[in-house]
Amino acid sequence: MNSERGWSPDQKLDALYSFLHELYPANWQVRFGSAPHMARLAQQKDVDEFVVNNGVFESIAGHTWTLAITADLIRDLFPGLRSALDWSVVRKLVLYHDVREVSQGDFSAFRQLSSTNGNKENEIKEWQRLTSILPQDVGNALFQLCESFEENVGEQTLEMRFVRFIDDLQAGNCVLKFGNDLSKYSEIANRISQKRVVLWAKKLADDLSNKGNLIAAEEVNFIMLYHARRFREAGINLELAGF
């Protein structure tokens, strides 16, 4: 196997994006197949039939798992970011950032274009309910961490900025894999991207630069430029003011 040290940044990201594309079918592969004591669970044939009739999908859990792999591979592939971030905090944010959606569902970026609050109130109540199940010190720490991530957008740590960036980066990767007629929706994709992945990339790169992590900042800029190029190749001319 080739060492990543000999790979260009382009080659690393080509590999990352291709690798993620291979993982998405895990969203519709079931476990406990044919186990008689787990008969309440859907069988693979049922899910296969659903996919044939209705299309593929990404679940909340599938997104979280794919995002965790995205973070892990970026850490391994980009030494500047590897040394600039506290990866124990990154892992915790990745694992818990969407737990509040397990009963409420995802409020998509497209729907957020026409809504200021989305499903926020219900999500906060659900997160309070879930963290209250845990020992108080553990639950309170998790609640505060994720509330700071979601609510204090103007005062984010480097780790929070990074998770916001790769959260939208992975969503874009999913769009590149499964999106339809993307050139037709270029204007919508740009509106979403300017409020999300482009914004977070700029803030993360600026914060890294201000803290003297210049190599990590350059890596973020390169990842964003690569992502925009992949979108352009798919028919979406992603605008990158400031890059």
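Because the structure is predicted, anything quoted here is derived from the model rather than measured.

Undergrad: Run through the overall build of the chain, naming residues and quoting values.
TA: Within the chain, the regular secondary structure consists of 12 helices and 0 strands. Relative to the 2.2 N^0.38 estimate, which gives 18 Å for 243 residues, the radius of gyration of the chain is 19 Å and therefore close to what a compact globule would have. On the principal axes, the C-alpha backbone points of the chain span a range of 55 × 45 × 45 Å. Residues classed as buried in the chain amount to 41% of the 243 residues present. Sequence separation of 24 or more characterises 70% of the internal contacts of the chain that already satisfy a separation of 6 or more. When the accessible surface of the chain is totalled, it reaches about 13600 Å², and 52% of it is carbon and sulfur. The chain carries 27 positive and 33 negative side-chain charges, and their two centres are separated by 1 Å.

Undergrad: Please set out the environment of Ala-217 residue by residue, giving values where relevant.
TA: With respect to the element layout, Ala-217 can be found in helix H12 (residues 214-233). With residues near it in sequence (within four places) discarded, Ala-217 still touches Ala-205, Leu-208 and Ser-209.

Undergrad: Could you give me a rundown of the confidence of the model for the chain, with the residues and numbers involved?
TA: Detailed reading of the predicted coordinates is not advisable wherever pLDDT falls low. Here the chain shows a mean pLDDT of 91. Residues at 70 or above account for 93%. Per-residue pLDDT, averaged within each element of the chain, yields its smallest value for helix H6 (residues 109-112) (70) and its largest for helix H4 (residues 79-84) (98).

Undergrad: I'd like a rundown of a nonpolar patch on the surface, residues and numbers included.
TA: On the surface, Ile-133, Leu-134 and Val-138 cluster together into a nonpolar patch covering about 260 Å² of accessible area. In this structure, Ile-133 sits in the loop between helix H7 (120-132) and helix H8 (136-151).

Undergrad: Hey, could you go over the packing of aromatic side chains for me, with residue numbers and the actual values?
TA: In this description, a pair of aromatic rings is defined by centroid distance and the angle of the planes. Counted by the stated rule, this structure contains 6 aromatic pairs. Its end group placed over the ring of Phe-149, Arg-164 keeps NZ or CZ at 4.6 Å from the ring centre.

Undergrad: Explain the nonpolar core residue by residue, including any values.
TA: Within the largest apolar cluster, 50 residues are counted, with the highest numbers of intra-cluster contacts made by Leu-81, Phe-162, Phe-165 and Leu-208. Secondary-structure elements contributing two or more residues to this core are helix H1 (9-23), helix H3 (60-77), H4, helix H5 (87-96), H8, helix H9 (158-178), helix H11 (197-210) and H12. In terms of nonpolar packing, the next biggest core, distinct from the first, is built from 5 residues, Trp-127, Leu-130, Phe-143 and Cys-146 among them.

Undergrad: Break down the packing of H5 against H8 for me, citing the residues and quoting the values.
TA: Relative orientation of the contacting elements H5 and H8 amounts to 85°, with a least axis distance of 10 Å. In terms of axis orientation, H5 runs roughly perpendicular to H8. Side by side, H5 and H8 meet where Lys-92, Leu-93 and Tyr-96 of the first sit next to Leu-142, Leu-145, Cys-146 and Phe-149 of the second. Taken together, the residues of the contact of H5 with H8 break down into 6 nonpolar, no polar and 1 charged.

Undergrad: How would you explain unusual backbone geometry if you had to name every residue and give the values?
TA: Unlike most non-glycine residues, Phe-32 shows phi in positive territory, near 60°. Mapped onto the secondary structure, Phe-32 falls in the loop between H1 and helix H2 (44-54). One non-glycine residue with positive phi stands out, namely Ser-34, at about 65°. Relative to the assigned elements, Ser-34 resides in the loop between H1 and H2. When its relative accessible area of 65% is taken as the criterion, Ser-34 is described as exposed.

Undergrad: Account for H3, naming residues and giving values.
TA: Under the 1.5 Å per step criterion, the end-to-end length of H3 is 26 Å for 18 residues, consistent within 8% with the ideal 26 Å. Along its buried surface, H3 packs onto H1, H4, H5 and H9.

Undergrad: Please set out the environment of Val-220 residue by residue, giving values where relevant.
TA: Along the chain, the position of Val-220 falls in helix H12. Overall, the relative accessible area of 0% leaves Val-220 in the buried class. Setting aside anything within four residues of it in sequence, one finds Val-220 in contact with Leu-81, Phe-165, Ala-201, Leu-204, Ala-205 and Leu-208.

Criteria and thresholds
Residues numbered from 1 in each chain as written. Predicted model: local features only at pLDDT ≥ 70, side-chain atom pairs only at ≥ 80, totals over all residues. Heavy atoms only, no water. Helix = DSSP H or I, 4+ residues; strand = E, 2+ residues; numbered from the N terminus. Rg over C-alpha atoms; globule rule 2.2 N^0.38 Å. Buried < 20%, exposed > 50% of the residue type's maximum accessible area, 1.4 Å probe, protein only. Contact = heavy atoms within 4.5 Å. Areas by Shrake-Rupley, 256 points an atom, 1.4 Å probe, with all protein chains shown as cover. Lys, Arg positive; Asp, Glu negative; His and termini not counted. Charge placed at Lys NZ, Arg CZ, Asp CG, Glu CD. pLDDT = per-residue confidence, 0-100. Patch = residues over 30% accessible without salt bridge, like charges linked within 9 Å, V, L, I, M, F, W, Y side chains within 5 Å. Salt bridge = Lys/Arg side-chain N within 4 Å of Asp/Glu carboxyl O. Phe/Tyr/Trp six-rings, centres within 6.5 Å; stacked < 30°, edge-to-face > 60°. Lys NZ or Arg CZ within 6 Å of the ring centre and 35° of its normal. Core = buried A, V, L, I, M, F, W, Y, C linked by side-chain atoms within 4.5 Å. Axes fitted to C-alpha atoms, helices over the stretch in contact; angles between N-to-C directions. Parallel < 35°, antiparallel > 145°, perpendicular 65-115°, else oblique. Nonpolar A, V, L, I, M, F, W, Y, C, P; charged D, E, K, R; others polar. Expected span 1.5 Å × (residues − 1).

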